[in-house]
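So the chains spell out like this:
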Amino acid sequence: MSPLPPTPSQTVGPFYGYALPFPTGGEIAPAGHPDTITVRGVVLDGAGQPIPDALLEIWQAGPDGDLTGRPGSMRRDPVTGGFLGRDGVDFTGFGRVATDADGGWVVRTLPPGPHRPGAAPYLSVCVFARGLLHHLFTRIYLPEHADALAADPVLGALPPERRATLLAERDHDRTYRFDIRLQGGDGGHEETVFLAFA
Amino acid sequence: MSTPPSPPPGSSPALASQAEIDREIAAQYQSYVDSRAAGAPARQHPDRDYPPYRSSALRHPKQPLVSVGDPEDVELSGPVFGVTDVTALDSDLTRQHTGEPLGERLTVTGRVLDRDGRPVRGQLVEVWQANAAGRYAHQRDDHPAPLDPNFTGVGRCLTDDEGRYRFTTIKPGPYPWRNHRNAWRPAHIHFSLFGTAFTQRLVTQMYFPGDPLFPYDPILQSVTDDAARQRLVASYDHDLSVPEWSLGYRWDIVLDGPAATWMEEGRL
Ligand SMILES: [Fe+2]
């Protein structure tokens, strides 16, 4: 049987804001966990302007490299129909954040572990925005794990300036910066590497 | 408000006319048809660079996507959702307030499948839409159409063992936007879907059959392949209509991207 043709993508549009984001969407780490890291950045367009209506989703392994995931990212209250927030204990591996008026976003999570022995850990990111007709995938690699990063096949195939767009910058202790540029521009900023899966 | 608003001062100095947008849509379509005649493969998704949709101009990458295909990629697994993430009322958008929303009551149902035709089970489906007058319950929607205090327009459910989802809602109205002068979106429901792999993620829009606005809408027309575009349009299904209650529409969804077949066991 030949594969079924897929349903085409359409833009998330400007009005997903009351439907998709949920409270504690960016709080992937269990509340108060001592290993919590913060990853923050901005989403920019081809003119270098911030995109205030982008939506990012994060999927990642747990600190032990486990990719099983768990429900409970967007727990709902059957009494009020509202959101309860996460239970503060389980690590679901999933986060969802909308950019703010300055194009900024932030997630607090646990550092992913290697999903196979020797793998460079990363956060997988799916980007949606008004004006973007089909979502984009990228990855946030953390700068520790130098040996694993050097051996990563995706990073290894990229020229240095492209490779740099997939590496989070360590701001200070346990805080990282990762900006996403949907399009390279005249200002000389490098377009983020986006991925296609075969 | 009984008169149309005048555009705010300083806004978009030179909006294109519908005729200009129509010409651009026709040119994009022709270039796709020509590429097919020259042997190019069918394009299942919109091109991210689609000039008639003005907001795409600065929001699409210019570099080609980098292909990855390691069977151990993190993206071949994905987030999981469960009964704690939805409530029973989430799939009935007409019962989320004390009163009944205005509009034509609908049942929208269908199956979510992967490209091998297997049902996508126990996965999250989220929907959002405008009310019957074409207005979103969103602060930035300044279309001067009435809000409906009995309609928010947000729903979610988990697919069942056959991959089926089902929502009760009202038919959304078409609404104006500022892509060009006299731009109107055909009535649509926004859908967000997860598969068993993050690579199968899909956000899209479902349209209603026979909408006269289809040819004028650069977002729908960004899907330049005729058969692919048709897959975004639900079918009216009289057997799904409930006597003296609601009209039925059927819309099946096929998720693209490699499925996490190796992960599937033990996930539900
Ligand atoms: Fe919409």
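Here, every reference points to the structure presented above.
Residues numbered from 1 in each chain as written. Chains lettered and ligands numbered in written order. Predicted model: local features only at pLDDT ≥ 70, side-chain atom pairs only at ≥ 80, totals over all residues. Heavy atoms only, no water.

Looking at the coordination of the iron ion
Residue and element names in this part refer to chain B. The cut-off we apply is this: Think of the donor list as every N, O and S atom within 2.8 Å of the metal, or within 3.2 Å for Na, K and Ca; water never makes the list, so a site can look incomplete. Geometry is assigned from the angles between donors: four donors with all angles from 85 to 135 degrees make a tetrahedral site, four or six donors whose opposite pairs exceed 155 degrees while the rest stay between 65 and 115 make square planar or octahedral sites respectively, and everything else is labelled irregular. Throughout this description, buried means an accessible area under 20% of the type-specific maximum (1.4 Å probe, protein chains only), exposed means over 50%, and partly exposed covers the range between.
For the iron ion, the full set of protein donor atoms is Tyr-136 (OH), Tyr-175 (OH), His-188 (NE2) and His-190 (NE2), and the range of their distances to it is 1.9 to 2.2 Å. Note that the iron ion binds 4 donor atoms; their angles at the metal cover 90 to 158°, and the shape is irregular. Motif for the iron ion, donor spacing along one chain: Y-x38-Y-x12-H-x1-H. On the basis of relative accessibility, which here comes to 3%, the residue His-190 falls in the buried class.

Side note on the sheet that holds strand β3 (residues 124-129) of chain B
All names here are of chain B. Which entries qualify depends on this criterion: Should DSSP find at least two bridges between two strands, the strands are taken to pair. Helical segments are the DSSP runs of H or I of at least four residues, strand segments are the runs of E of at least two, and each set is numbered from the N terminus. In this analysis an axis means a line fitted to C-alpha atoms, helices contributing only their contacting stretch, and an angle means the value between N-to-C directions, from 0 to 180 degrees.
If you trace the 4 strands from one edge of the open sheet to the other, you get β4-β3-β8-β9, paired in antiparallel fashion. Among the strands making up the open sheet, the edge pair consists of β4 (154-158) and β9 (202-207). Adjacent strand axes in the sheet meet at a mean angle of 20° when their direction is disregarded. Here 5 bridges tie β3 to strand β8 (residues 188-193), and the two strands are oriented antiparallel to one another. Bridge pairing links Gln-129 to Ile-189 in β8.

A word on the interface of chain A and chain B
Let me state the cut-off plainly: Pairs of residues are marked as contacts when any of their non-hydrogen atoms sit within 4.5 Å. Put simply, buried area is the surface a 1.4 Å probe can reach on two separate parts but cannot reach once they are joined, added for both. The rule for a salt bridge is simple: a side-chain nitrogen of Lys or Arg has to be within 4 Å of a carboxyl oxygen of Asp or Glu.
At the interface, 74 residues of chain A touch 81 residues of chain B. Contact between chain A and chain B buries roughly 6,800 Å² in total, counting both sides, with carbon and sulfur atoms accounting for 60%. When the buried area of chain A at its contact with chain B is split by residue, Gln10(A), Phe15(A) and Tyr18(A) rank highest and sum to 12% of it. The interface formed by chain A and chain B includes 8 salt bridges. Arg96(A) is the salt-bridge partner of Glu126(B), the closest N and O atoms lying 2.8 Å from each other.

Focus on the pattern of salt bridges
On inspection of all chains with the given rule, the structure shows 28 salt bridges over all chains. A salt bridge links Arg177(A) to Asp179(A); the shortest N-O distance between them is 3.3 Å. Among the residues examined, Arg177(A) registers a relative accessible area of 27% and is labelled partly exposed. For Asp179(A), a relative accessible area of 16% puts it in the buried group. The partner of Asp226(B) in a salt bridge is Arg229(B), and the shortest N-O contact between them spans 2.7 Å.

Points about the side chain of Glu57(A)
In plain terms, the rule: Distance and chemistry together define a polar contact, namely a pair of N or O atoms within 3.5 Å, with one atom able to donate a hydrogen and the other to accept it when in protein, and with adjacent residues in sequence counting only for side-chain atoms on both sides.
Secondary-structure assignment places Glu57(A) in strand β2 (residues 54-60). A polar side-chain atom of Glu57(A) sits 2.5 Å from a polar atom in the side chain of Arg201(B). Setting aside anything within four residues of it in sequence, one finds Glu57(A) in contact with Phe94(A), Gly95(A), Arg96(A), Ser124(A), Val125(A), Cys126(A), Phe128(A), Phe194(B), Phe198(B) and Arg201(B).

Some points on the side chain of Ser241(B)
Residues and elements named next belong to chain B. Within the secondary structure, Ser-241 sits in the loop between β10 (235-236) and β11 (247-250). A polar contact is formed between the side chain of Ser-241 and the backbone nitrogen of Gly-248, at a distance of 2.9 Å. Not counting the four nearest positions on each side in its chain, Ser-241 is found in contact with Tyr-236, Ser-246, Leu-247 and Gly-248.

What to know about the nonpolar core
Filter applied, for reference: Residues belong to one nonpolar core when they are buried, are Ala, Val, Leu, Ile, Met, Phe, Trp, Tyr or Cys, and are joined through side-chain atoms within 4.5 Å.
Val12(A), Leu20(A), Phe94(A), Tyr141(A), Leu195(A), Trp128(B) and Tyr136(B) are the most contacted members of the largest nonpolar core, which totals 42 residues. If you list the elements that add at least two residues to this core, you get β2, β5 (122-129), β6 (136-141), α1 (146-151), α2 (153-156) and β10 (195-197) of chain A together with β1 (66-68) and β3 of chain B. It is β5(A) that provides the largest number of residues to this core, a total of 3 residues. When neighbours within four sequence positions are excluded, Tyr141(A) is seen to be in contact with Ala120(A), Pro121(A), Tyr122(A), Leu149(A), Asp152(A), Val154(A), Leu155(A), Leu166(A), Leu167(A) and Ala168(A). Among the nonpolar cores identified, the runner-up in size contains 40 residues, and Phe151(B), Ala187(B), Ile189(B) and Ala234(B) belong to it.

Observations concerning empty space enclosed by the protein
Short version of the rule: A cavity here means a set of points on a 1 Å grid, drawn over the protein atoms and nothing else, where a 1.4 Å probe fits but cannot get out; a pocket is an open set with protein on both sides within 12 Å along at least five of seven lines, and a residue lines either one if it has an atom within 4 Å of a point. Grid points are joined across faces, edges and corners, and a volume is the space filled by probe spheres set on the points.
If you walk through the whole model with that rule in mind, you get 3 cavities of 30 Å³ or more. Looking at the largest cavity, its volume works out to about 70 Å³. In terms of lining residues, the largest cavity is bounded by 13 residues, among which His115(A), Arg116(A), Asp152(A), Asp70(B) and Asp73(B) are the most central. Those elements that provide at least two residues to the lining of the largest cavity are β6 and α2 of chain A. Quantified by volume, the second largest cavity comes out at close to 40 Å³.

These values are about where atoms sit, not about what they do.
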